[in-house]
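Residue-level listing of the chains:
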There are 2 protein chains.
Amino acid sequence: MVEELPKFHEIENPVRTFMSKRVFGVDSETSIQEAAEKMVEFNISSLVVVKNDEIIGLITNDDLKKRVVAKGLDSTTEVEKIMTKELITVDIDTSVKEALEIMAGKNIKHIPVKEDGEIVGMLTFSDLIDFEKQKLETHISRE
Amino acid sequence: MVEELPKFHEIENPVRTFMSKRVFGVDSETSIQEAAEKMVEFNISSLVVVKNDEIIGLITNDDLKKRVVAKGLDSTTEVEKIMTKELITVDIDTSVKEALEIMAGKNIKHIPVKEDGEIVGMLTFSDLIDFEKQKLETHISRE
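Below is a summary of the structure that appears in this document. All residue numbers refer to position in the chain's written sequence, counted from 1. Chain labels run from A onward and ligand labels from 1 onward, assigned in the order the entries are written. Whole-chain, interface and lining totals are the exception, using all residues; otherwise, since this is a predicted model, local features are given only for residues with pLDDT of at least 70 and side-chain atom pairs are given and counted only at 80 or more. The basis for every side-chain value is the complete set of non-hydrogen atoms in the structure, without hydrogens or water.

## Some remarks on the overall build of chain A
- Only DSSP runs of H or I reaching four residues or more are called helices, and only runs of E reaching two or more are called strands; each is numbered from the N terminus. From N to C terminus, chain A includes four helices and six strands.
- Traced from its N-terminal end to its C-terminal end, chain A shows the element sequence β-α-β-β-α-β-α-β-β-α.
- Summary of the burial criterion: residues with accessible area below 20% of their type's maximum are buried, those above 50% are exposed, and those between are partly exposed, where the area comes from a 1.4 Å probe applied to protein chains only. Residues classed as buried in chain A amount to 46% of the 143 residues present.
- Within chain A, contacts between residues at least 6 apart in sequence are counted, and of these 55% link residues at least 24 apart.
- Here chain A displays about 7,500 Å² of accessible surface, and carbon together with sulfur accounts for 44% of that area. Contacts are assigned to residue pairs that have any heavy atoms within 4.5 Å of one another. Note on areas: Shrake-Rupley with a 1.4 Å probe; residue coverage comes only from the protein chains shown.

## Observations regarding the sheet that holds strand β3 (residues 54-60) of chain A
Residue and element names in this part refer to chain A.
- Only strands joined by at least two bridges in the DSSP assignment are considered to pair. Across the sheet, three strands lie side by side as β1-β2-β3; this open sheet has mixed pairing. Either end of the sheet is taken by a strand with one partner, and the two such strands are β1 (25-27) and β3. Here the strands of the sheet are splayed against their neighbours by 35° on average, with no regard to which way each runs.
- With six bridges joining them, strand β2 (residues 46-51) and β3 adopt antiparallel strand pairing. When the sheet's bridge partners are listed, lysine 51 is paired in β3 with glutamate 54.
- Lines fitted to the C-alpha atoms define the axes, with helices restricted to the stretch that makes contact. Angles between their N-to-C directions range from 0 to 180 degrees. Here helix α1 (residues 32-41) sits on the sheet and contacts β1, β2 and β3; the angle it forms with β2, its principal contact strand, is near 135°.

## So, the nonpolar core
- Counting 34 residues, the largest nonpolar core has Leu47, Ile59 and Leu64 of chain A together with Leu47, Ile59 and Leu64 of chain B as its most contacted members.
- For this core, the secondary-structure elements that each account for two or more residues are α1, β2 and α2 (61-69) of chain A together with α1 (32-41), β2 (46-51) and α2 (61-69) of chain B. Nonpolar cores are built from buried Ala, Val, Leu, Ile, Met, Phe, Trp, Tyr and Cys residues. Side-chain atoms within 4.5 Å join them into one set.

## Let's talk about the sheet that holds strand β6 (residues 118-124) of chain B
Residues and elements named next belong to chain B.
- Sheet architecture is open: three strands sit in the order β4-β5-β6, paired in mixed fashion. In this open sheet, the two strands that pair with only one neighbour each are β4 (90-91) and β6.
- Relative to β6, strand β5 (residues 110-115) is paired through six bridges, and the arrangement is antiparallel. Of the residues in β6, the one forming a bridge with proline 112 is methionine 122.

## Examining the environment of lysine 65 of chain A
- For lysine 65 of chain A, the position within the fold is in helix α2.
- Note on lysine 65 of chain A: relative accessible area 6%, which makes it buried.
- Apart from residues lying up to four places away in sequence, lysine 65 of chain A is in contact with Ala70 of chain A together with Ala36, Met39, Val40, Ile44, Ser45, Asn61 and Leu64 of chain B.

## Looking at unusual backbone geometry
Residue and element names in this part refer to chain B.
- A positive phi angle, near 65°, is found at aspartate 53, a position not held by glycine.
- Judged by relative accessible area, aspartate 53 falls into the exposed class, the value being 78%.
- Although it is not a glycine, aspartate 116 adopts a positive phi angle of roughly 50°.
- Inspection of the secondary structure assignment puts aspartate 116 in the loop between β5 and β6.
- Taking relative accessible area as the criterion, aspartate 116 reaches 75% and is therefore assigned exposed.

## What to know about the packing of α1 of chain A against α2 of chain A
Residue and element names in this part refer to chain A.
- Where α1 meets α2, the axes come as close as 11 Å, and the angle between the chain directions of the two elements is 150°. Regarding α1 and α2, the two cross each other, and that crossing is left-handed. Along the contact surface, α1 presents Ile32, Ala36 and Met39, while α2 presents Asn61, Leu64 and Val68.
- Side-chain classes are defined by residue name, with Ala, Val, Leu, Ile, Met, Phe, Trp, Tyr, Cys and Pro counting as nonpolar, Asp, Glu, Lys and Arg as charged, and the others, Gly among them, as polar. For the contact of α1 with α2, the class distribution of residues is five nonpolar, one polar and no charged. Helix crossings are classified by the rotation of the near helix relative to the far one: an anticlockwise turn of less than a right angle makes the crossing left-handed, while a clockwise turn makes it right-handed.

## Topic: α1 of chain A
- Among the residues of α1 of chain A, Ile32, Ala35, Ala36 and Met39 of chain A are the ones counted as buried. Down the axis of α1 of chain A, the sector holding all buried residues measures 100°, keeping them to one side.
- Buried residues in α1 of chain A make contact with β2, β3 and α2 of chain A together with α2 of chain B.
- Looking one or two residues past α1 of chain A, asparagine 43 of chain A carries a phi angle of roughly 55°, positive in sign. What the arc describes is the spread of directions from the helix axis to the C-beta atoms.

## Focus on the pattern of salt bridges
- Here a salt bridge means any side-chain nitrogen of Lys or Arg lying within 4 Å of a carboxyl oxygen belonging to Asp or Glu. For the coordinates displayed, the defined rule picks out 10 salt bridges over all chains.
- With its nearest N and O atoms 3.0 Å apart, the salt bridge here joins lysine 109 of chain A to aspartate 62 of chain A. You can see lysine 109 of chain A sitting in the loop between α3 (96-106) and β5 (110-115) and its partner aspartate 62 of chain A sitting in helix α2, a full 47 residues away along the chain.
- On the basis of relative accessibility, which here comes to 41%, the residue lysine 109 of chain A falls in the partly exposed class.
- The salt bridge partner of arginine 16 of chain B is glutamate 115 of chain B, with a shortest N-O separation of 3.9 Å. Note that arginine 16 of chain B is positioned in the segment before β1 (25-27) and glutamate 115 of chain B in strand β5, a separation of 99 residues in sequence.
- Each of Arg16, Asp93 and Glu115 of chain A takes part in one network of salt bridges that share partners.

Next comes the structure, spelled out in structure tokens:
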């Protein structure tokens, strides 16, 4: 098996190569239901939460499952009540490897990406899967 | 970039190598909230739905987001009301490549695995990521 390991030169690359440049946000007073609708509409798994032009938190698929459905919480509740407040971010020049280590260590699947102190992107496990999937598809199509 | 593509010999391997052998189920009359609690407790992203000892459907993270939270549905509703009824399955000897093509074509992230007509496992995108992550970690730890 060891001989079959692919060479992940790519994990030394900066997260700017893999992140989504589209970061979607909702106002902190938005209802959970409306936020979920937006996630479905844009086929995304996280939203940043904005208050007075500042990003104050993040909501993800897992938050909806754990803090809303599993708790029987009313979906008219404001997103501010269920968002993750502790924003863990990485700089745009951080390597994918380091970002993955942070995600694994903190057990998170989404990490906002900063450039010059501003959030300019979102790195998700899905981005990394899509990247892997693209490679798989390339492999499939080249056969 | 093309030169850097890893060789995915593994995608010719059967899904039995990558699937989760633990398949969790809930009774069709279980409430959505209870099902979500179970998913959180066991850290899983799907559950099969059982009625009269037969698997009649599947519920996933995406179903909770799309059909419950985004619709403002009461979480005391029975899972049978929101499950995916059309069960797409693969045989345990199907290649990962073929399973991936089915998942991509049907836009699904979970696929129950059958052996001799019985569901014996679940293949998820997460299994494939974990596999990729393990390889990344192996790569990291060997540096």
